[in-house]
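# Observations on the model geometry
What follows is the residue order along each chain.
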Amino acid sequence: MRKHLLVLGAYTLLALVLTWPLAANFTTHVVGDGSDDPALTWNLWWFKHALLDLHTSPLTTDFMFYPIGINLVFYTLTLLNDALSLPLQAVFGLVPAANMLLLSSFVLCGYGMFLLVEELGIADWGLETGDWAAFIAGIVFAFSSNKMLYASLGQFNIASSQWIPFYVLYLFKLRSDLFATHRTPLAHPVPRAIARKAGECLRHRTSRHSLLPARHAILAATFLLLQAYAEFTFASFLIVFTFFFWLWHWRARQSFWRMTLALALVAIVFVVGFAPIIVPMIQELRVEGDYLVQGSGFADAFSADVIGFFVPSKLNPIVGWLDTWFEFPYINFVFVGWLTLALALIGARVYRRYTLAKFWSVTTLAFAVIALGPELRVNGNAFPIPLPFAVFQVLPFFKGNRYPSRYSVMITLGVAVLVAFGVQYLLVKARKLGEIRGDKRNKGHALISPNLLLSSLISFLILVEHFSVLPLSDYRAPSFYDEIRNEPGDFAVLEIPLDWRNSFRVTGTLDKVFMLSQFYQTVHEKRMLSGNTSRNPELKFQYFTEAPLINSLIALETGHDLDAATLAQDKQYAPEVMRFFNVRYIVLRAQAGGKVQPWLEAVLPDLKLWRDADGTRLYRLSPSPAQRGRAGVGVDPKSPMARLYFADGWGELGEQRVWAQRNETRLLMPKQDTDVVLTLRVTVPDEGQKLTVLVNGGPAGSFALQKGTKDYGVQIKMQGTPEGLNELTLRWTSLFSTWYLPSETGQPDSYRFVVVKSAGEEVGDFAHIWIDGEDRSPNQRGYNLLAFITGINSADYVDHFDTFASSNEADRLAQFLEHDKKFHNVALAVRDEASLSASLRLAMALKSEGSKLPVGWRSSHAFVRYITVPGENIIIREDASPIRPAIVSIGERITSPTVAGAVEWIQVQPTDEAK
């Protein structure tokens with residue numbers, strides 16, 4: 001016990017020293033550069049607020065992405081850390097709780113590795129020298145360059161690797177209890193006395209109770225669960241490690257099947273324990289589709305470079321400047337350490353004949369190859385050599401990790417074990433040297449002093465080569481947030497810059513100051529429109545980029561100007577939009593740019609400046625947004641305001657009606673002061689449809705819908721419903737094929753519905769071409785093309801042209817439009833940017849097809865040319881904009897192969913007016 005307390009104390013002291021000056025700013029700062037640390041700290045608050053204050057599940061929220069809300073099952077919510085923080089928050093506060101959790105991850109990483117190395121038997125082989133080998137292995141794993149880098153970025157989820165060595169520890173305990181093989185004493189270069197000691201330990205372990213394998217399997221699964229609830233990515237890495245561990249027993253058939261059964265028990269316990277997350281994940285993917293990875297997920301940029309294994313971290317104040325000599329597309333996370341690598345190679349070389357050392361050598365090398373990503377890179381240069389990570393890019397759940405370099409944690413795990421082998425070898429050699437040279441009367445001193453001196457020197461040098469200066473973020477919030485929190489009522493705060501972020505993109509300004517807005521919510525505890533997540537369906541961003549006023553705000557933040565028509569529309573809808581979002585305060589920071597303030601004061605003349613300090617202006621909206629909704633609500637799918645009301649499950653807006661494309665669709669409605677009558681004009685394509693209306697999850701009424709178009713109404717009790725927005729769910733019993741719907745083209749064998757939607761980089765970054773509800777677009781940067789002929793001998797041609805990067809691509813597209821008249825129907829959609837390398841030839845070719853709108857920098861552009869009767873009837877639809885998505889369609893705006901029904905308008909009226 002004393003030894004373990006000393007080890008824990010030593011790792012704690014090292015954690016405090018190596019994260020300095022965090023300890024001196026423990027209640028006001030956290031480690032991080034302000035990019036991810038505000039959101040990861042927010043996690044702790046949200047978990048507590050959801051469970052203890054709101055009494056709801058923390059897996060969904062509308063406190064950000066308000067009012068549409070966001071599902072957090074694929075967000076880095078760090079549920080285990082959140083739960084562990086509850087007592088810490090109650091006693092010390094949010095920021096100290098976050099710091100304690102980070103420091104504990106360093107301590108537990110070191111201690112877990114210490115226990116793992118002891119379990120592997122190295123302590124038995126070298127008597128007291130093995131404790132030093134285990135301690136140094138803990139230093140390697142706990143304070144490695146990659147862990148320090150992730151901590152410096154505020155990615156506390158990735159820094160939460162502390163449960164990895166504990167899981168591996170119990171895998172080896174399980175193996176030891178099943179077969180008692182991995183503690184086989186080494187013959188060389190370990191002295192015979194030490195080998196006899198190891199043999200005694202082996203005999204002691206083989207006499208243990210037969211139930212130990214089951215117990216250790218459950219404990220292994222428990223630590224795998226802890227790691228999954230702290231960071232699921234690392235749990236997936238451990239599953240890969242378990243696969244290697246399982247293959248290790250392949251040659252011994254009896255052992256292999258015994259281990260297979262034991263690991264099956266681990267898997268069962270893990271799946272059952274992680275079901276509260278796995279089940280919502282599967283449900284979300286069934287409803288929203290697979291949005292885990294977009295394209296390659298930038299895996300090429302986030303891959304390890306072969307040179308990176310030998311180049312120190314840029315955070316190292318002594319040798320970090322070497323990083324600037326090399327070409328890394330992103331941060332180099334895979335520096336192993338020069339002395340660390342040398343010790344690992346010594347351990348692997350000396351014990352190469354023993355199965356345990358072979359296993360760790362091969363496994364570590366395998367993870368190093370995986371970390372290199374889908375193709376080989378050397379000093380930034382890519383070589384077309386396919387690597388194993390390409391397999392993980394297509395495996396369910398595993399493909400959610402788009403950072404191959406994150407496998408560096410598994411490299412460090414293996415290297416730490418091999419370092420223990422190497423250190424043990426050196427310490428045993430030092431011990432033997434002391435026995436030879438030392439006086440027999442001072443033999444005890446000779447046995448201890450050389451080991452202590454050598455171990456201390458090795459530890460110091462390893463810490464020096466991995467030493468990192470960590471940045472700190474100041475979390476002292478402006479005092480006005482306390483005033484907002486103390487104001488009664490459930491309302492929203494509009495933070496400007498207004499941004500939405502996930503793992504692939506940012507909508508809005510790229511200034512990371514907006515991330516602090518999420519942390520400041522932990523102070524004011526009101527809802528906010530902006531937000532940060534990891535993965536999300538497209539609509540969660542597009543809901544805001546297509547909303548009136550919000551779209552203009554994004555344009556101004558990103559440097560665009562607004563024309564007179566847009567400004568007039570903003571003035572018309574601004575009060576209504578603010579009332580809809582229930583915004584009571586607007587926080588305007590200097591980083592939003594000089595264009596936002598005059599625009600904001602022009603479109604909202606009733607703004608009242610509440611505070612002005614340090615470049616941040618706090619406005620209060622007057623009159624109170626709570627005074628709204630009394631005169632009823634009318635919703636028209638063609639109105640610019642329609643986007644606010646129609647949430648999940650609907651097709652594209654902008655035409656006479658909008659189609660429900662799921663069995664459940666959501667509407668957002670302002671609260672009314674009295675009971676209301678909800679009236680809908682609904683079109684259904686066939687008989688057998690039934691519609692149930694739910695208000696905030698409770699049933700309000702049902703209709704048996706008739707084929708065709710008809711009005712339906714239901715009375716809704718608004719007494720007791722929450723202030724602000726209420727959620728109306730339309731539950732449809734049936735989905736019909738789009739072939740039930742009449743075609744605008746009038747040709748039954750033709751493509752009947754064509755919807756083209758484009759978004760430049762700042763307003764969506766996508767290109768969709770839906771044909772009868774199926775997206776056929778390549779969805780790549782530049783122009784995406786679908787050319788087709790229809791009829792009995794229908795044919796398609798799909799391609800994309802990166803007219804941002806290459807003028808040759810522009811000429812290639814122009815040549816296609818000029819000469820290939822076989823495909824006389826053309827649909828074009830721009831993604832990201834398409835104008836930089838566009839040529840005059842391309843402009844003329846587009847004009848010859850019927851295009852009339854110019855395409856500027858990062859403009860959205862959607863175009864379709866459809867010939868219904870050759871030589872007689874040509875339909876041309878086109879839309880382009882630099883500040884909003886562009887959409888055109890032929891026929892109904894359907895983006896799914898099945899539909900439930902269409903809504904032409906919705907009215908909400910107080911019951912007395914309805915009568």
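Cut-offs used in this document
Residues numbered from 1 in each chain as written. Predicted model: local features only at pLDDT ≥ 70, side-chain atom pairs only at ≥ 80, totals over all residues. Heavy atoms only, no water. Helix = DSSP H or I, 4+ residues; strand = E, 2+ residues; numbered from the N terminus. Buried < 20%, exposed > 50% of the residue type's maximum accessible area, 1.4 Å probe, protein only. Areas by Shrake-Rupley, 256 points an atom, 1.4 Å probe, with all protein chains shown as cover. Core = buried A, V, L, I, M, F, W, Y, C linked by side-chain atoms within 4.5 Å. Contact = heavy atoms within 4.5 Å. Expected span 1.5 Å × (residues − 1). Axes fitted to C-alpha atoms, helices over the stretch in contact; angles between N-to-C directions. Parallel < 35°, antiparallel > 145°, perpendicular 65-115°, else oblique. Left-handed = near helix turned anticlockwise from the far one by under 90°. Nonpolar A, V, L, I, M, F, W, Y, C, P; charged D, E, K, R; others polar. Pairing = 2+ DSSP bridges. Salt bridge = Lys/Arg side-chain N within 4 Å of Asp/Glu carboxyl O. Polar contact = N/O pair within 3.5 Å; in protein donor to acceptor, adjacent residues only side chain to side chain. Phe/Tyr/Trp six-rings, centres within 6.5 Å; stacked < 30°, edge-to-face > 60°. Lys NZ or Arg CZ within 6 Å of the ring centre and 35° of its normal.

### Considering the overall build of the chain
When you go through the chain residue by residue, the secondary structure sums to 28 helices and 34 strands. The buried share among the 915 residues of the chain stands at 59%. About 36,400 Å² of surface is accessible on the chain, with carbon and sulfur atoms providing 58% of the total.

### Concerning the nonpolar core
Membership of the largest hydrophobic core comes to 235 residues, with the highest contact counts inside it found for Phe143, Phe172, Phe241, Trp360 and Leu529. Setting aside residues up to four positions removed in sequence, Phe241 forms contacts with Val168, Leu171, Phe172, Phe359, Trp360, Thr363, Phe367, Met410 and Leu413. Counting residues in each nonpolar core, the second largest holds 19 residues, with Ala787, Ile789, Ala810 and Phe823 among its members.

### Thoughts on helix α12 (residues 232-247)
Here α12 contains 16 residues, and its C-alpha end-to-end distance of 23 Å stays within 8% of the 22 Å for a straight helix at 1.5 Å per residue. Restricting attention to buried positions, one finds in α12 the residues Thr233, Phe234, Ala235, Ser236, Phe237, Leu238, Val240, Phe241, Thr242 and Phe245.

### Details of the packing of helix α2 (residues 37-54) against helix α4 (residues 94-119)
Interaxial distance between α2 and α4 falls to 10 Å at its minimum, and their mutual angle equals 115°. Classed by the angle they form, the pair α2 and α4 counts as roughly perpendicular. Pair α2 / α4 crosses with right-handed handedness. Residues Thr41, Leu44 and Trp45 of α2 form the contact with α4, whose participating residues are Leu94, Ala98 and Leu101. Class assignment for the residues of the contact of α2 with α4 results in 5 nonpolar, 1 polar and no charged.

### Comments concerning the sheet that holds strand β12 (residues 583-588)
As summarised here, the arrangement of the 5 strands in space is β10-β7-β12-β14-β13, forming an open sheet in which the pairing is mixed. Both outer strands of the open sheet, β10 (527-528) and β13 (608-613), are each paired with one neighbouring strand and no more. Examined bridge by bridge, strand β7 (residues 492-496) and β10 share 2 bridges and lie parallel to one another. Counterpart to Val493 in the pairing with β10 is Met528.

### Topic: the pattern of salt bridges
Under the definition given, this model contains 40 salt bridges. For Asp675, the salt bridge identified is with Lys717, shortest N-O distance 4.0 Å. Of the two residues, Asp675 sits in the loop between β17 (664-670) and β18 (676-684) while Lys717 sits in the loop between β21 (708-716) and β22 (725-732), which places them 42 residues apart along the sequence. When its relative accessible area of 17% is taken as the criterion, Asp675 is described as buried. Among the charged side chains, a salt-bridge network with shared partners connects Lys540, Asp648, Arg666 and Glu727.

### Quick word on the pairing of strand β14 (residues 616-620)
With 4 of 5 residues buried, β14 lies mostly within the body of the structure. Here β12 pairs with β14 via 4 bridges, running antiparallel. Paired with Val587 across the two strands is Leu618, which belongs to β14. Where β13 and β14 come together, 5 bridges link them in antiparallel fashion. Considered in β14, the bridge of Ala613 is made with Thr616. What sits between β13 and β14 in their antiparallel hairpin is a turn of 2 residues, with Asp614 showing a positive phi close to 55°.

### Remarks on α2
Between its first and last C-alpha atoms α2 spans 24 Å; for 18 residues at 1.5 Å apiece the expected length is 26 Å, and the two agree. The buried fraction of α2 is high, at 13 of 18 residues. Backbone geometry just downstream of α2 places His55 in the positive-phi region, at approximately 55°.

### Some details on the environment of Phe274
Positionally, Phe274 belongs in helix α13 (residues 253-288). The spacing of Phe274 and Leu226 is 48 residues in sequence and 9.6 Å in space, taken between C-alpha atoms. Once residues lying within four places of it in the same chain are set aside, the contact partners of Phe274 are Leu225, Ala228, Tyr229 and Phe232.

### Quick notes on the side chain of Thr692
Mapping Thr692 onto the fold places it in strand β19 (residues 690-695). Here Ser702 takes part through its side chain, which lies 3.1 Å from a polar atom of the side chain of Thr692. Discounting residues that sit within four places of it in the chain, Thr692 has contacts with Gly701, Ser702, Thr729, Leu730 and Arg731.

### A look at the side chain of Thr509
Note that Thr509 resides in the loop between β9 (506-507) and α20 (514-524). Classification of Thr509 as buried rests on a relative accessible area of 12%. Setting aside its immediate chain neighbours within four residues, Thr509 contacts Pro497, Asp499, Phe514, Glu557 and Thr558.

### Structural notes on the packing of helix α26 (residues 807-819) against helix α27 (residues 840-849)
Where α26 contacts α27, the axes come no closer than 8 Å and their chain directions differ by 30°. By the angle between their axes, α26 is roughly parallel relative to α27. Crossing of α26 against α27: the hand is left-handed. On the side of α26, the interface is formed by Ala810, Asp811, Leu813, Ala814, Gln815, Leu817, Glu818 and His819, while α27 contributes Arg841, Leu842, Ala845, Leu846 and Glu849. Here the residues of the contact of α26 with α27 are counted per class, giving 7 nonpolar, 2 polar and 4 charged.

### Some words on the packing of aromatic side chains
Any two aromatic rings considered together are summarised by their centre-to-centre distance and by the angle between their planes. Using the criterion set out here, one finds 64 aromatic pairs in the structure. Taking 6.2 Å as the distance between ring centres and 10° as the angle between the ring planes, the aromatic pair formed by Phe65 and Phe541 counts as stacked. Here the residue Phe65 occupies a position in the loop between β2 (60-61) and β3 (70-71), and Phe541 occupies one in helix α21 (residues 539-545), the gap between them amounting to 476 residues. Judged by its relative accessible area of 2%, Phe541 falls in the buried class. Between Tyr170 and Phe223, the aromatic rings sit 5.5 Å apart at their centres with planes inclined by 15°, giving stacked as the arrangement. One end of the pair, Tyr170, is in helix α9 (residues 164-179); the other, Phe223, is in helix α11 (residues 212-230), with 53 residues separating them in the sequence. One aromatic cluster is present, formed by Phe234, Phe237, Phe243, Phe244, Trp246, Trp250, Phe256, Trp257, Phe367, Phe392, Phe398 and Tyr407 through successive ring pairs. Across from the ring centre of Phe106, 5.0 Å away, lies the NZ or CZ of Lys147, which sits over that ring.

### Focus: unusual backbone geometry
For the bond running from Trp20 to Pro21, omega is 15°, close enough to zero to count as cis. Following the sequence through the fold, Pro21 ends up in the loop between α1 (2-18) and β1 (29-31). Cis geometry marks the peptide bond from Ile496 to Pro497, where omega comes out at 15°. Checked against the element boundaries, Pro497 lands in the loop between β7 and β8 (500-501). Phi angles above zero are rare outside glycine, and Asp765 is one such case at about 60°. As for its position among the elements, Asp765 is in the loop between β24 (754-760) and β25 (766-771). Positive phi, close to 55°, is recorded for Arg858, a residue that is not glycine. Summarising the element assignment, Arg858 is placed in the loop between α27 and β30 (860-869).

### Details of the pairing of β22
Taking burial as the measure, the 8 residues of β22 include 6 buried ones, the bulk of the element. Here β17 pairs with β22 via 7 bridges, running antiparallel. Counterpart to Leu668 in the pairing with β22 is Glu727. Relative to β22, β19 runs antiparallel, the two being bridged by 5 bridges. In the strand pairing of β22, Val693 is matched with Leu730.

### Observations concerning the environment of Gly320
Structurally, the position occupied by Gly320 is in the loop between α13 and α14 (338-350). For the pair Gly320 and Ser468, spaced 148 residues apart in the sequence, the C-alpha separation amounts to 8.8 Å. Aside from chain neighbours lying at most four places away, what touches Gly320 is Ser313 and Lys314.

### What about the sheet that holds β9?
A sheet is described by the order of its strands in space; here 3 strands give the open sequence β9-β8-β11, paired in mixed fashion. Each end of this open sheet is capped by a strand with a single partner; those strands are β9 and β11 (531-532). In the sheet, β8 pairs with β11 via 2 bridges, with the strands oriented parallel. Each residue of the ladder has a partner; that of Trp500, found in β11, is Gly531.

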